[in-house]
Amino acid sequence: MPRETIYEAKIEYLQILNEDGVLDESEAEGSLTDEQALELYEQMWIYRRFDEIAFKLQRSGRMGTYPQNKGQEANAAGSGLAMQRGVDWVVPCYRENLAMHLHGMPYHQILMHWMGDERGNMIPEGVKMTPLSVPIGTHMLHAAGIGWAMKLRGESGAVITYFGDGATSEGDFHGAMNFASVLQAPVIFFCQNNQWAISVPFEQQMHSRTVAQKALAYDMPTIRVDGNDIFAVYKATKEARERAVNGGGPSFIEGMTYRLADHTTADDARRYRDPAEVEAWAEKDPLIRTRKYLASKGLWDDEKQALLGERAEKIVGEIVKAAEGVEPPRTEDFFDYMFAEPTPELVEQRDTMRTSSIGVNPGQIGLRAQGERV
Amino acid sequence: MAKLTLVQAINQALDHEMTRDDRVIILGEDVGKNGGVFRVTEGLAEKHGEHRVQNTPLDESGIIGAAIGLAMAGMRPIPEIQFEGFMGPAYDQIVNHAARYRARSRGTVTIPMTIRVPVGGGIHAPELHSDSPEAIYTHSPGLKVVMPCTPYDAKGLLLSAIRDPDPVIFFEPKRVYRSFREEVPEEDYTIPIGEAKVVNDGDDLTVVTWGASVFQCLEAIDGLPDDVSVELIDLRTVDPIDIDCIAESVQKTGRCVVVHEAPRTAGLGAEISALVQERCFLHLEAPVQRVTGFDTIMPYYKLELEYLPDAERIGKGITECLAY
Ligand SMILES: Cc1ncc(C[n+]2csc(CCOP(=O)(O)OP(=O)(O)O)c2C)c(N)n1
Ligand SMILES: [Mg+2]
């Protein structure tokens, strides 16, 4: 018998709003309305200001290491809007702050997180989200589990999980994809391909031509979109969500974008990255093209921009005030949240701030007997 | 003689061994052009070629698993895990493979590999960048675990580790990376794995520690009254533990305080305390005191200094052990 082809695949690329702010009208069908585009532009702009101020807080010693999201706002904005707040779950990494915000995580808590405070990870009542995740590539399995639980419980809705191009190298990434696929869980795997994992470029991270093709191995609907185009990101996410809530299982989206800033404030990308590449991508900035589009529709002008600037300044000022204004965390907190009920040993350590129970009196059994702070 | 930081001394040792032995290769996330996130491998890719200082995919299990293969097949790999908090994905490869191959193949398959890992807290780092997991790997038979805290010791111990025929985890206390310089000879020299160092001689009490805590202990001892004489031991290697050095000291002083950043329960302080009890029972004037991290997750950095044993807490531990 001659050999036959038993499997063939293709990867589609979707761009609706190009770098010049020109919309592909036929593909725009079913994507954002102009009001939504306007709303997202404002959100992205306010976010950008937040990001710049966060950077400055780090530089002036008021905050620790911070990973800027600059340049990747469209991925977060478009996908964030396509998911239903309070219904769907968001399982983020750390470069989609705007999506977290759109789903109810207050910005000042994101700052508190990077200011070294676990209270920044507290999920507000009614918000369906996990705290941002630091161990790369590991949290997507939680999205698979959440989606599975929703299916078991007959809940309508979907889960979206975000991760970078580098994260797809971890074994857990493939575990998450396989679990979601085998269990046909309503999960959207959203890869923010910013083409760098700290100093490691895409071509060194994988020999695959796209990230999107990795989903083929799990027979998952998959697409690469222009991640700096809110229309394409929104549409792809909306389609994936519809599939998920209608029992179609998981989907994969690769949002092609670029990290315009250093990896974090602890990084210096000039050591490994050609400035010309950064400049070229700066021209594809999602904010620039969205503004061009809105202006071409008569929905935006310099005056509106000036007003937005003032509004953003005020909003971000309040956020910083809220983050810096919280009372310092209590030492007791790191004991009290270890378990629902602290163990006796933890109580002892908390109350004495000691890890040894010997004291000055040979007859003494425990510290509390000696009348130390209880 | 050049005065080097810990980072520079490790860099010099790597450079030295790569020049001397062409089987040595470095692999890890960002170790190439970027020189690692702490710049420990700075300049090495340029000098020895990117194929010998290989940027890898973001996959700790892959890094260690592939390094095991490299080691089996005649190379001397030095994999880097970017922070101790990210050893998790590699745990299976380290504990279930690297540590076991020699024994389960009755010596026919061996893994000469040195895993370099920045370790410990105190630098205001993000979550999962400040832990101290040395006891976990000490508890796993088949691994040697080293944690020097001075540039001189780091170079000598790293050369020993790379030349060791078995897997060694080489922890680098990141709090000390650039905190001071000392003279480090450019020549080849080694410090044997498993040999502790007496940092301060003393007669009244023995403090046993390692890593960045050595400096907190020095500060604590400095703050004690002049008539108190404390012997300070820097283990340098935590597995195997140099119990002879500890026992000799405690038999002299009769009192022992163990200090470490990691949580207390089932930590290395427990092991050392048991060994001291076995070797020095009749010499002991007081129970062995442990001043360690608490049995909680390492708190995020706003509270990390409350968690880490500092000079005050160590000083109190010493005073109470003396008064017992
Ligand atoms: C398991 C794990 N290994 C290593 C790191 C250190 N680290 C933090 S971010 C990063 C690169 C992540 O790249 P990518 O997934 O592409 O996300 P990006 O930062 O580009 O958004 C690395 C190696 C980590 N946080 N977790
Ligand atoms: Mg990336």
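Since the model is a prediction, treat every value here as computed from it, not as a measurement.

What counts, and where the lines are drawn
Residues numbered from 1 in each chain as written. Chains lettered and ligands numbered in written order. Predicted model: local features only at pLDDT ≥ 70, side-chain atom pairs only at ≥ 80, totals over all residues. Heavy atoms only, no water. Contact = heavy atoms within 4.5 Å. Buried area = accessible area lost by both parts, 1.4 Å probe. Salt bridge = Lys/Arg side-chain N within 4 Å of Asp/Glu carboxyl O. Buried < 20%, exposed > 50% of the residue type's maximum accessible area, 1.4 Å probe, protein only. Helix = DSSP H or I, 4+ residues; strand = E, 2+ residues; numbered from the N terminus. Pairing = 2+ DSSP bridges. Lys, Arg positive; Asp, Glu negative; His and termini not counted. Polar contact = N/O pair within 3.5 Å; in protein donor to acceptor, adjacent residues only side chain to side chain. Domains from an automatic or database assignment. Core = buried A, V, L, I, M, F, W, Y, C linked by side-chain atoms within 4.5 Å. Axes fitted to C-alpha atoms, helices over the stretch in contact; angles between N-to-C directions. Patch = residues over 30% accessible without salt bridge, like charges linked within 9 Å, V, L, I, M, F, W, Y side chains within 5 Å. Areas by Shrake-Rupley, 256 points an atom, 1.4 Å probe, with all protein chains shown as cover. Donors = N, O, S within 2.8 Å, 3.2 Å for Na, K, Ca; no water.

A. Fine view of the interface of chain A and chain B. Contacts between chain A and chain B engage 47 residues on the former and 46 residues on the latter. Carbon and sulfur atoms supply 54% of the area that chain A and chain B bury against each other, a total of about 4100 Å² over both sides. Our count for the contact surface shared by chain A and chain B stands at 3 salt bridges. For the salt bridge of A:R271 with B:E42, the shortest nitrogen-to-oxygen distance reads 3.0 Å.

B. Just the pairing of strand 5 (residues 114-119) of chain B, in detail. All names here are of chain B. Strand 5 sits mainly inside the fold: 6 of its 6 residues count as buried. Of the two faces of strand 5, both are covered, the one formed by T114, R116 and P118 as well as the one formed by I115, V117 and V119. Two strands pair when backbone bridges link them, and strand 5 and strand 7 (residues 168-173) are joined in this way by 6 bridges, in the parallel orientation. Across the sheet, V117 pairs through a bridge with F171, a residue of strand 7.

C. Summary view of the side chain of B:E134. Residue and element names in this part refer to chain B. Looking at the element boundaries, E134 is found in helix 6 (residues 134-138). Although E134 is buried, it makes no salt bridge; K174 carries the closest opposite charge, 9.9 Å away. Among the polar contacts listed, one links the side chain of E134 to the side chain of W210, at a separation of 2.8 Å. Residues within four places of E134 in sequence aside, it is in contact with V145, M147, F171, W210, V238, A262 and L268.

D. Region of interest: the domain arrangement of chain B. Residue and element names in this part refer to chain B. Partitioning chain B into domains gives domain 1 (3-183) and domain 2 (197-323). If you average the C-alpha positions of domain 1 and of domain 2, the two centres end up 26 Å apart. On the side of domain 2, 24 residues touch domain 1, which itself brings 29 residues to the contact. For the pair domain 1 and domain 2, the two sides together bury roughly 2100 Å², of which 58% comes from carbon and sulfur. Counting the contacts that link domain 1 with domain 2 gives 2 salt bridges.

E. Examining helix 4 (residues 91-98) of chain B more closely. Residues of helix 4 of chain B that are buried include every one of B:Q93, B:I94, B:V95 and B:A98, and no others. Its buried side turned inward, helix 4 of chain B meets helix 3 (60-72), helix 5 (101-104), strand 5, helix 6 and strand 7 of chain B.

F. Expanded view of the nonpolar core. One finds A:F189, A:F252, B:I94, B:L235 and B:I246 to be the most contacted residues of the largest nonpolar core, which totals 178 residues. It is helix 2 (residues 34-59) of chain A that contributes the most residues to this core, 10 residues altogether. Within the second largest apolar cluster, 18 residues are counted, among which are B:A220, B:L224, B:V257 and B:I314.

G. Region of interest: the domain arrangement of chain A. According to the domain assignment, chain A consists of domain 1 (12-324) and domain 2 (333-363). Once you take the C-alpha centre of each, domain 1 of chain A and domain 2 of chain A turn out to be 42 Å apart.

H. Seen up close, the sheet that holds strand 2 (residues 89-91) of chain A. Residue and element names in this part refer to chain A. The parallel open sheet is built from 6 strands, whose spatial order is 1-7-8-4-3-2. If you trace the sheet from one side to the other, it starts and ends with strand 1 (13-14) and strand 2, each paired once. Examined bridge by bridge, strand 1 and strand 7 (residues 222-226) share 2 bridges and lie parallel to one another. From the neighbouring strand, L14 faces strand 7, where its bridge partner is V225. Taken strand by strand, helix 6 (residues 140-152) contacts strand 2, strand 3 (159-164) and strand 4 (187-193), and its axis lies near 170° from that of strand 3.

I. The arrangement of a nonpolar patch on the surface in detail. Residue and element names in this part refer to chain A. A surface patch of nonpolar side chains, about 340 Å² in accessible area, is lined by W148, L152 and F179. Its place among the elements puts L152 in helix 6. Its relative accessible area of 67% is what places L152 among the exposed residues.

J. Examining the coordination of the magnesium ion (ligand 2) more closely. Residue and element names in this part refer to chain A. Only D165 (OD), N194 (OD1) and W196 (O) from the protein coordinate the magnesium ion (ligand 2), and they sit 2.0 to 2.1 Å from it. Mapped onto the sequence, the donors of the magnesium ion (ligand 2) take the spacing D-x28-N-x1-W. With a gap of 29 residues between them, D165 in the loop between strand 3 and helix 7 (171-182) and N194 in the loop between strand 4 and strand 5 (196-197) connect regions that are remote in the sequence. Assigned by exposure class, D165 and N194 land together as buried.

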